[in-house]
Amino acid sequence: WIRNGHVETPPLSGELLGGVTRAVILEICAALKFPVRDARATIAELRNAEGVFATVTTFGIVEATALDGHRLARSPLVRNLREGYVKLVERECGGA
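Keep in mind the model is a prediction, meaning the values are calculated, not measured. (Residues numbered from 1 in each chain as written. Predicted model: local features only at pLDDT ≥ 70, side-chain atom pairs only at ≥ 80, totals over all residues. Heavy atoms only, no water.)

**Overview of the pairing of strand S4 (residues 53-56)**
Item 1. With four bridges joining them, S4 and strand S5 (residues 60-63) adopt antiparallel strand pairing. Each residue of the ladder has a partner; that of Phe-53, found in S5, is Glu-63.
Item 2. What sits between S4 and S5 in their antiparallel hairpin is a turn of three residues. (Pairing = 2+ DSSP bridges. Helix = DSSP H or I, 4+ residues; strand = E, 2+ residues; numbered from the N terminus.)

Structure (structure tokens):
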């Protein structure tokens with residue numbers, strides 16, 4: 001999720017899988033100079049975030065648009081991360 005201009009992610013623990021896609025997104029954040037920090041968020045905090053997304057092996061980065069029936073803010077930062085991910089996959093896989 002995005003809060004105060006930072007990409008925030010739950011810290012790695014027994015509750016969260018440190019997947020490859022998550023690691024790639026964190027690398028993209030570093031390359032694009034997006035600050036990242038480990039944090040926890042409540043449902044209320046996610047509802048008020050500047051943007052919410054999930055990393056998913058089959059889709060890369062997916063922006064959430066609603067949570068428990070509440071519309072979520074859309075963030076241009078999430079779009080930039082998605083574009084960075086697509087470019088990286090194309091470069092790594094020999095695409096356009």
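**Remarks on the sheet that holds strand S1 (residues 2-3)**
Item 1. Within the open sheet, the three strands sit side by side as S1-S2-S3. Their pairing is mixed. Taken across any chain shown, the strands that pair with only one partner, and hence form the sheet edges, are S1 and strand S3 (36-38).
Item 2. Alignment of S1 against strand S2 (residues 6-9), held across two bridges, turns out to be antiparallel. Considered in S2, the bridge of Arg-3 is made with His-6.

Structural measurements only, silent on function.
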